[in-house]
Amino acid sequence: MGYGSLGTDNAGSVRLPASYCGIVGLKPTYGAVSRHGVLPGSWTADHVGPMTRTVADAAAMLDAIAGYDPRDPTSARTPAPNLLGALPPDADLRGLTIGIDDAYLRRHVDGPVQTAVDAALVHLASLGAGLTPVRLPSQQDVVDTLLAIITPEIAAAHLPHLRDRREDYSPPVRERLELGLLTPAVTYLHAQRLRRQIIDEMLAVLTEVDFLITATTPTAATLLDQDVTTGDEADPELLAALIYFTCPFNLTGFPAISIPCGFTERGLPVGLQIAARPFDESRLLRIAHAYERTTPWHDALPPLLATVEPMP
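Residues numbered from 1 in each chain as written. Predicted model: local features only at pLDDT ≥ 70, side-chain atom pairs only at ≥ 80, totals over all residues. Heavy atoms only, no water.

(A) Main features of the environment of Asp69. Position of Asp69 among the secondary structure elements: in the loop between helix 2 (55-65) and helix 3 (83-86). When residues no more than four places from it in sequence are discounted, the contact partners of Asp69 are Ser34, His36 and Ser75. (Helix = DSSP H or I, 4+ residues; strand = E, 2+ residues; numbered from the N terminus. Contact = heavy atoms within 4.5 Å.)

Structure below.
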């Protein structure tokens, strides 16, 4: 129906649906895209990013929306990108290195997802990329830290509606928001200190490699009658496991993209997540584009027809 859309992502809400729907979802660097006019979520973890059919379309959309905006105090003063124009005509990845932490590839990951991601790594290596073992911060520590930050931040953003329209929220969402109102300030501040430590650890790893690769989600998409992540019967533990791979890059603010990398035997799509250093979207899109161009997960799609101009 369209070439792309926008999502907001404070724990994975651009990349998770992209993975489950077999499309591209790009979470840019924190501050790269203005959040002026966006319904407030988490002040320090929310990102606006494109959801598209191809990597090139994601680059075109990010070109249109990225750039400094004085109306957003968190907006970064970085030059406007030319990401679409910078996509290389070839798929040569020689000289680039990919960091792999086994826990982020296999722990909590279903077999069909692991198989697809392993095959993607083999393919990227065939294009010339080097694969290097790395050690990233504990997934559980990252999830706990992010939730201790975004839960009270989102609750604060929704406080006026919680007071006046409490019953308009579904029970699981209302419970999470009310939990945020009960989070002690000491817990929030301690989590912010841990966040700085985790950012430093991630930056140290990304001085040794160019990219990090994980599964986007631990499972492929579920059938509607098997869904236990939304609605009144939502499983909080499963919901936390769902963001094991995406939330580290909300906590750190680093750019990350989910691209299709195959299907399960039942035809359900699997997503591959690639992350990079802050404001390194150009190379992030380069590796994603190279993979996409040389694999069959996307049919030949027409290019973005409209000329995309930066928003004033």
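This is not the end of the story, as more comes after the structure.
(B) Spotlight on the side chain of Arg195. The topology assignment puts Arg195 in helix 8 (residues 185-205). Here Arg195 sits buried without a salt bridge, and the closest side chain of opposite charge, Glu153, lies 5.3 Å off (N-O distance). Side chain to side chain, Arg195 and Gln192 meet in a polar contact 3.2 Å long. In this structure Arg195 touches Thr44, Ala45, Thr145, Ile149, Asn250 and Leu251, once residues within four positions along its chain are discounted. (Buried < 20%, exposed > 50% of the residue type's maximum accessible area, 1.4 Å probe, protein only. Lys, Arg positive; Asp, Glu negative; His and termini not counted. Salt bridge = Lys/Arg side-chain N within 4 Å of Asp/Glu carboxyl O. Polar contact = N/O pair within 3.5 Å; in protein donor to acceptor, adjacent residues only side chain to side chain.)

(C) Representation of unusual backbone geometry in the model. The backbone of Phe279 shows a phi angle near 60°, a positive value even though the residue is not glycine. Note on placement: Phe279 falls in the loop between strand 8 (269-275) and helix 11 (281-293).

(D) Here's a closer look at the sheet that holds strand 7 (residues 256-263). Read across the sheet, eight strands follow the order 1-3-2-7-8-6-4-5 without closing on themselves; strand pairing throughout is mixed. The strands lining the two open edges of the sheet, one partner per strand, are strand 1 (4-9) and strand 5 (130-133). On average, each strand axis in the sheet is tilted by 30° relative to the strand beside it, whichever way the strands run. Inspection of the sheet shows strand 6 (residues 211-215) paired to strand 8 by four bridges, in the antiparallel sense. Counted as the bridge partner of Leu212 is Ala275 from strand 8. Along the sheet, helix 2 contacts strand 1, strand 2 (24-27), strand 3 (47-52) and strand 7; its crossing angle with strand 3, the most-contacted strand, is approximately 145°. (Pairing = 2+ DSSP bridges. Axes fitted to C-alpha atoms, helices over the stretch in contact; angles between N-to-C directions.)

(E) The arrangement of the pattern of salt bridges in detail. Taken as a whole and judged by the stated rule, the model has 13 salt bridges. For Arg283, the salt bridge is made with Asp280, and the minimal N-O distance between the two is 3.1 Å. Classification of Asp280 as buried rests on a relative accessible area of 12%. The structure contains a network of salt bridges with shared partners spanning Arg166, Glu167, Arg174 and Glu178.

(F) Representation of the pairing of strand 2. Of the two faces of strand 2, both are covered, the one formed by Val24 and Leu26 as well as the one formed by Gly25 and Lys27. Taken together, the two bridges between strand 2 and strand 3 define a ladder with antiparallel strand orientation. Within strand 3, the residue paired with Gly25 across the bridge is Met51. Pairing between strand 2 and strand 7: three bridges, direction antiparallel. Residue pairing across strands places Leu26 opposite Ile257, the latter belonging to strand 7.

(G) Geometry of helix 7 (residues 171-181). Those residues of helix 7 that fall on the buried side of the exposure criterion are Pro172, Arg174, Leu177 and Gly180. Packed against the buried residues of helix 7 are helix 6 (139-164).

(H) A look at the confidence of the model for the chain. Overall, the predicted model of the chain reaches an average pLDDT of 90, with 90% of residues at or above 70. Here helix 9 (residues 236-242) stands out as the element of the chain with the lowest mean pLDDT, 70, in contrast to strand 2, whose mean of 98 is the highest. (pLDDT = per-residue confidence, 0-100.)

(I) Representation of the nonpolar core in the model. The biggest cluster of nonpolar side chains holds 81 residues, and the ones touching the most others in it are Ile98, Leu212, Ile257, Ile259, Leu272 and Ile274. Ranked by the residues each element gives to this core, the list is headed by helix 6, at eight residues. Not counting chain neighbours up to four residues away, the residues in contact with Ile257 comprise Val24, Gly25, Leu26, Leu272, Gln273, Ile274, Leu284, Leu285 and Ala288. (Core = buried A, V, L, I, M, F, W, Y, C linked by side-chain atoms within 4.5 Å.)

(J) A look at helix 8. For helix 8, with 21 residues, the first-to-last C-alpha span of 31 Å sits near the 30 Å given by 1.5 Å per residue. For helix 8, the complete set of buried residues consists of Ala191, Arg195, Ile198, Ile199, Met202 and Val205. Take helix 8 and look down its axis: the buried residues cluster within an arc of 115°, on one side only. Along helix 8, exposed side chains directed more than 90 degrees from the buried face belong to Val186 and Arg193. Next to the buried residues of helix 8 lie helix 6, strand 6 and helix 10 (248-252). (Expected span 1.5 Å × (residues − 1). Arc of directions from axis to C-beta.)

(K) Inspection of the packing of helix 6 against helix 7 at higher detail. At a closest axis distance of 8 Å, the pairing of helix 6 and helix 7 adopts a crossing angle of 110°. The pairing of helix 6 with helix 7 is recorded here as roughly perpendicular in orientation. Here Thr151, Pro152, Ile154, Ala155, His158, Leu159 and Leu162 of helix 6 lie close against helix 7, whose contacting residues are Arg174, Arg176, Leu177, Leu179, Gly180 and Leu181. Here the contact of helix 6 with helix 7 is built from residues that sort into eight nonpolar, three polar and two charged. (Parallel < 35°, antiparallel > 145°, perpendicular 65-115°, else oblique. Nonpolar A, V, L, I, M, F, W, Y, C, P; charged D, E, K, R; others polar.)

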